[in-house]
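Notes for the structure review
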2 protein chains.
Amino acid sequence: MRVVAVLAVLGRGLIPADTPFIKSDDLGLTRGDGVFESIHVRAGRPWLLDEHLARMSASAATLDLTLPPLRELAAQACSAWPGDREGVLKLVLTRGSESLGTPTAYATVNPVPAASIAARDNGIKINTLSLGVPVEARKDAPWLLAGAKTLSYAINMATQRYAMAKGADDALWVSTDGFALEGPTSSLVWRSGSSLATVPAAATGILPGITARFALDNASSMGLQATERMITVEELHAVDAVWLLSSIRGIAPIKSIDGVPLRDFAADTARLRAMLGF
Amino acid sequence: MRVVAVLAVLGRGLIPADTPFIKSDDLGLTRGDGVFESIHVRAGRPWLLDEHLARMSASAATLDLTLPPLRELAAQACSAWPGDREGVLKLVLTRGSESLGTPTAYATVNPVPAASIAARDNGIKINTLSLGVPVEARKDAPWLLAGAKTLSYAINMATQRYAMAKGADDALWVSTDGFALEGPTSSLVWRSGSSLATVPAAATGILPGITARFALDNASSMGLQATERMITVEELHAVDAVWLLSSIRGIAPIKSIDGVPLRDFAADTARLRAMLGF
């Protein structure tokens, strides 16, 4: 079990981390109606905070919510976390208690799960699982909240549980027409020749990954060109290197897809990992 | 704003309704990872409680959760609610606080929203909106949680907001291949000749509606035969009567679909409404 280490609530500041402060009718709880970000804390500071706040603001707007200023709250929470220990800063905004009608916002800092740290060194086995949608079905349907990081993650969690029950470490969602999309909590990034590539977010409705974006923006430091394109699962088996990138686990090299081992690409992983600082 | 009127928490019993008792790391909040039921309270008692508990147990199983006995908790909550006033009993089960590792379960009773009561008399205008999925894409994909009533309702709420922003009262989800599915918080039921019909849940992944089930099980009392079948939106415009049924609003006659008025079927509505007791 993880221990909640730090809790800061907007309007209240730092309070003991195990304080119950959410009411029974908070729409974040009863409807998963809210947004969040998980941010890597390194050297006592949240990494890529601007990018996370920008995405959280966009997610909130998709739900007709306004993101309150959370920069100070994030700093408050991180100030109570040991500077020499990596951590997970989570920022949460909900539509709030139905009876009060004001949004709920808070920040927590927790340890990085041991399994996440192990995945960076050891890699992961993934299974592909259908997301049930054709690759472009969500493009012009804003009510489906594609690209928003909402609190409604039950399917994300269930997909990971299902993959793990089958002996994998994580899942990769695919469209009904055979294209790779994203992991339930991560972005797909691969190297193919001189390209460092990921799946386009706007066309497919996947979450625009912040770590993936950072990697592509810095592709030239690895002598590579950044590319966004669709890829089938079949093609994915043949690329030079493939990872799931995310904010907390950072970089997870994929060892096998649906039980089929991939070639070794440890040298690529070492270079990408160094670039990301994980 | 609605006022939370009654709150009973499993293991604590009745406590003041505005007590904050949920922690920041409750997975029901941070991941929408839990299940719920909304149950109509009439004459001081929850209507169709057995059916709701059975569906909640099935929803929980889909999420690898075990439903604790909630019958006594439901009775406790209802005992504190005025017997002459209809109400909404909500039962909630979450995976619980990550730090504690034990599920959270509670019951609330609130007034029925005024808009729900008005919809029974006045009917509703609905807009069709894509759910982004082919009609049978979720059939063999248990990780997509089709048919489970989870706390991850952000898309359901966003779909209703989108429809309302366009001047409708509610939405009807349709598949990418043109079949009517369900409302974000209701089931589609229609009369066509001597059939009282709804959409099959198992094949399509929609939530099996309890009020719709009750209506079909009692169709013979209206001289009708119960039918489950797929229907296109085009066909729906031509049926004899069409409603959205749900546990709290009960029966909402559909006045128009995508701005196109339907024929008058007030006599059907009166008979179905009497059968349902709303």
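Please read these numbers as outputs of a predicted model, since none were measured by experiment. (Residues numbered from 1 in each chain as written. Chains lettered and ligands numbered in written order. Predicted model: local features only at pLDDT ≥ 70, side-chain atom pairs only at ≥ 80, totals over all residues. Heavy atoms only, no water.)

**Looking at the overall build of chain A**
The number of helices and strands found in chain A is nine helices and 14 strands. For 278 residues, the compact-globule estimate of 2.2 N^0.38 gives 19 Å, and chain A sits close to it at 19 Å. Projected onto its principal axes, the C-alpha positions of chain A cover 55 × 45 × 35 Å. The burial tally for chain A puts 62% of its 278 residues in the buried class. Sequence separation of 24 or more characterises 71% of the internal contacts of chain A that already satisfy a separation of 6 or more. A distance of 4 Å separates the average location of the 26 positive side-chain charges in chain A from that of its 27 negative side-chain charges. (Helix = DSSP H or I, 4+ residues; strand = E, 2+ residues; numbered from the N terminus. Rg over C-alpha atoms; globule rule 2.2 N^0.38 Å. Buried < 20%, exposed > 50% of the residue type's maximum accessible area, 1.4 Å probe, protein only. Contact = heavy atoms within 4.5 Å. Lys, Arg positive; Asp, Glu negative; His and termini not counted. Charge placed at Lys NZ, Arg CZ, Asp CG, Glu CD.)

**With respect to the pattern of salt bridges**
By the definition in use, this model includes 32 salt bridges over all chains. For Asp64(A), the salt bridge is made with Arg161(B), and the minimal N-O distance between the two is 3.5 Å. With Asp64(A) in the loop between helix H2 (49-62) and helix H3 (71-79) and Arg161(B) in helix H5 (residues 154-165), the pair connects residues from two separate chains. Relative accessible area serves as the criterion here: at 56%, Asp64(A) is assigned to the exposed category. Here Glu86(B) makes a salt bridge to Arg120(B), at a shortest N to O gap of 3.1 Å. Of this pair, Glu86(B) sits in the loop between helix H3 (71-79) and strand E5 (87-94) while Arg120(B) sits in helix H4 (residues 114-122); the two residues are 34 residues apart in sequence, bridging distant segments of the chain. (Salt bridge = Lys/Arg side-chain N within 4 Å of Asp/Glu carboxyl O.)

**Details of the side chain of Thr204(B)**
All names here are of chain B. Positionally, Thr 204 belongs in helix H6 (residues 201-204). Polar contacts involving the side chain of Thr 204 include one to the main-chain carbonyl oxygen of Pro 200, which spans 2.7 Å. Among all residues touching Thr 204, those that are not within four sequence positions of it are Val 135, Arg 138, Leu 181, Val 199 and Met 230. (Polar contact = N/O pair within 3.5 Å; in protein donor to acceptor, adjacent residues only side chain to side chain.)

**Quick word on the packing of aromatic side chains**
Scanning all chains against the criterion turns up twelve aromatic pairs over all chains. Residues Trp47(B) and Phe214(B) carry aromatic rings whose centres are separated by 4.9 Å and whose planes lie at 65° to one another, so their mutual orientation is edge-to-face. With Trp47(B) in the loop between strand E4 (45-46) and helix H2 (49-62) and Phe214(B) in helix H7 (residues 210-217), this residue pair connects regions lying 167 residues apart in the sequence. Pairwise contacts between aromatic rings join Trp47(A), Phe214(A) and Phe278(A) into one cluster. Over the ring of Phe278(B) we find Arg42(B), and its NZ or CZ is 4.8 Å from the ring centre. (Phe/Tyr/Trp six-rings, centres within 6.5 Å; stacked < 30°, edge-to-face > 60°. Lys NZ or Arg CZ within 6 Å of the ring centre and 35° of its normal.)

**Some remarks on the domain arrangement of chain A**
All names here are of chain A. Split by domain assignment, chain A resolves into domain 1 (6-112) and domain 2 (116-276). One C-alpha centre belongs to domain 1, the other to domain 2, and the line joining them spans 25 Å. Between domain 1 and domain 2, the residue contacts involve 25 residues of the former and 20 residues of the latter. Here domain 1 meets domain 2 over a buried area of about 1800 Å², counting both sides, of which 69% is carbon and sulfur. On inspection of domain 1 and its partner domain 2, the count reaches one salt bridge. Between the two partners, domain 1 and domain 2, sit eight residue pairs in polar contact (both at pLDDT 80 or more). Those elements that place two or more of their residues in the side of domain 1 that touches domain 2 are strand E3 (34-42), H2 and strand E5 (87-94). No other element matches E3, which puts eight residues into the side of domain 1 that touches domain 2. (Domains from an automatic or database assignment. Buried area = accessible area lost by both parts, 1.4 Å probe.)

**Looking at the pairing of strand E8 (residues 170-174) of chain B**
Residues and elements named next belong to chain B. Counting buried residues in E8 gives five out of five residues, a clear majority hidden from the surface. Along E8, one buried face is formed by Asp 170, Leu 172 and Val 174 and the opposite face, lined by Ala 171 and Trp 173, is buried too. Sheet topology note: the strand E7 (residues 124-130)/E8 ladder contains five bridges and is parallel. Note on E8: the bridge partner recorded for Asn 127 is Ala 171. Since E7 and E8 lie parallel, the crossover through H5 that links them has a hand, and here it is right-handed. (Pairing = 2+ DSSP bridges. Right-handed = clockwise from strand over helix to strand, strands pointing away.)

**Focus: the sheet that holds strand E2 (residues 13-15) of chain B**
Residues and elements named next belong to chain B. Across the sheet, which stays open at both edges, the six strands sit in the order E2-E1-E6-E5-E3-E4 with antiparallel pairing between neighbours. Looking along the sheet, the strands with just one partner apiece sit at the ends: E2 and E4. Here strand E1 (residues 6-9) runs beside strand E6 (residues 104-111); their pairing, made up of four bridges, is antiparallel. Each residue of the ladder has a partner; that of Ala 8, found in E6, is Ala 107. Packed onto the sheet, H2 meets strand E3 (34-42), E4 and E5 and runs at close to 175° relative to E3. (Axes fitted to C-alpha atoms, helices over the stretch in contact; angles between N-to-C directions.)

**Some words on the interface of chain B and chain A**
Listed per partner, the contact involves 55 residues of chain B and 55 residues of chain A. A combined buried area of about 4700 Å² lies between chain B and chain A, and 60% of that area is made up of carbon and sulfur atoms. Sorting the residues of chain B by area buried against chain A places Leu29(B), Arg31(B) and Trp143(B) first, and these three jointly supply 18% of that buried surface. Across the contact surface, chain B and chain A share four salt bridges. Here chain B and chain A share 19 residue pairs in polar contact (both at pLDDT 80 or more) between them. Secondary-structure elements contributing two or more residues to the side of chain B that touches chain A are helix H1 (27-30), E5, E6, E7 and H5 of chain B. A breakdown of the residues in the side of chain B that touches chain A according to their chemical character gives 29 nonpolar, 15 polar and eleven charged. (Nonpolar A, V, L, I, M, F, W, Y, C, P; charged D, E, K, R; others polar.)

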